[in-house]
Amino acid sequence: MAGRVDGMVAFISGAARGQGRSHAVRLAREGADIIAIDICRAIPDVVYPPSSPADLAQTADLVRSLGRRIVTAEADVRDYDALTAAVDTGVDQLGRLDIVVANAGIGNAGNRLHKLGEHVWKDMIDINLTGVWHTVKAAVPHILSGGRGGSIILTSSVGGMKAMAHTGHYIAAKHGVVGLMRTFAVELGQHSIRVNSVHPTQVNTPMALNDATFRLFAPHKEDPGPEDFAPVSQMMHTLPTPWVEPEDISNAVLFLASPESRYVTGVQLPVDAGALLK
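Residues numbered from 1 in each chain as written. Predicted model: local features only at pLDDT ≥ 70, side-chain atom pairs only at ≥ 80, totals over all residues. Heavy atoms only, no water.

- The protein chain is annotated in an unreviewed UniProt entry as Mycofactocin-coupled SDR family oxidoreductase of Mycobacterium pinniadriaticum.
- We quote the UniProt Sequence similarities (unreviewed entry) comment for the protein chain here in full: "Belongs to the short-chain dehydrogenases/reductases (SDR) family." (UniProt positions renumbered as here; feature names shortened; annotations may be inferred.)

What follows is the structure in structure tokens.
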């Protein structure tokens with residue numbers, strides 16, 4: 001079934017690559033125009049390579065190749081004014097806003113919570129929790145002004161539904177996203193705005209599959225790769241896969257964005273290969 005979000009406009013954070021790019025392409029393929037933002041620069045203590053302006057431009061090219069319009073901006077989700085300006089510009093050019101995908105997030109240095117550096121904690125909470133709030137806050141006035149309702153999807157994690165050691169700052173942020181989701185769902189439901197969260201396991205993106213991850217799980221190897229991480233990651237899942245693909249998360253996002261889920265709100269949707277059964 002094509003055209004499941006035909007004529008709608010979606011605002012997506014963290015859209016330069018990975019899950020965000022996949023969401024932009026999937027929604028565009030189903031008829032949506034896109035407002036795409038990404039920080040496109042390095043963040044201290046993030047161990048994998050940053051996205052770049054070229055990455056964001058490639059996302060734009062992919063969307064346009066599908067015959068859809070896209071407005072892009074380099075913006076940091078910690079900067080509410082920059083987010084507001086990006087959304088305002090996008091709505092001015094595209095005419096409306098129906099869907100929000102608050103996807104931007106980081107994985108930075110980990111440790112036991114009582115040993116975690118103050119700046120590492122602050123960056124995690126500021127980006128993965130406050131940044132989600134900023135994203136939705138900047139977008140909601142435009143959805144309300146349209147008077148058509150809409151759908152807001154927040155990217156949490158398996159770590160938003162269970163605890164794991166040495167990533168307590170990430171766990172806290174992703175649990176916090178669930179609180180945002182539920183509260184926004186209660187506050188915006190009267191306007192036919194639905195709010196839900198998706199909870200991925202490891203996804204085949206640079207955030208999960210990178211040299212630092214491989215070395216963490218295979219420190220005895222000189223040059224470890226994904227084949228060394230795969231057996232460990234597989235043990236976290238019930239289904240026979242070490243990780244899922246960005247498109248698997250995008251399929252869930254599309255469902256939650258489309259009228260097919262018109263009475264679904266306040267839901268935590270895992271795409272986790274059965275990780276939460278472990």
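1. So, helix α3 (residues 80-94)
Here's step 1: Over its 15 residues, α3 extends 21 Å from the first C-alpha to the last, a length consistent with the 21 Å expected when each residue adds 1.5 Å.
Here's step 2: Among all positions in α3, only Leu 83, Thr 84, Ala 86, Val 87, Gly 90, Val 91 and Leu 94 are buried. The arc that holds the buried residues of α3, viewed along the axis, is 160 degrees, so those residues lie on one side. Summarising the geometry of α3, the exposed residues directed more than 90 degrees from the buried face are Asp 81 and Asp 92.
Here's step 3: Turning to α3, the residues buried within the fold contact β1 (9-13), β2 (33-38), β3 (70-74) and α4 (118-146).
Here's step 4: Where α3 begins, the capping side chain belongs to Asp 79, and its oxygen is found 3.3 Å from the backbone nitrogen of Asp 81.
Here's step 5: Gly 95 sits one or two positions beyond α3 and adopts a positive phi of about 95 degrees. (Helix = DSSP H or I, 4+ residues; strand = E, 2+ residues; numbered from the N terminus. Expected span 1.5 Å × (residues − 1). Buried < 20%, exposed > 50% of the residue type's maximum accessible area, 1.4 Å probe, protein only. Arc of directions from axis to C-beta. Contact = heavy atoms within 4.5 Å. Polar contact = N/O pair within 3.5 Å; in protein donor to acceptor, adjacent residues only side chain to side chain.)

2. As for the sheet that holds β1
Here's step 1: Taken in spatial order, the seven strands of this open sheet run β3-β2-β1-β4-β5-β6-β7, and their pairing is parallel. The open sheet terminates on both sides in strands that have one partner only, identified here as β3 and β7 (268-271). The average angle at which neighbouring strand axes cross in this sheet is 15 degrees, direction not considered.
Here's step 2: Relative to strand β5 (residues 150-155), strand β4 (residues 99-102) runs parallel, the two sharing four bridges. (Pairing = 2+ DSSP bridges. Axes fitted to C-alpha atoms, helices over the stretch in contact; angles between N-to-C directions.)

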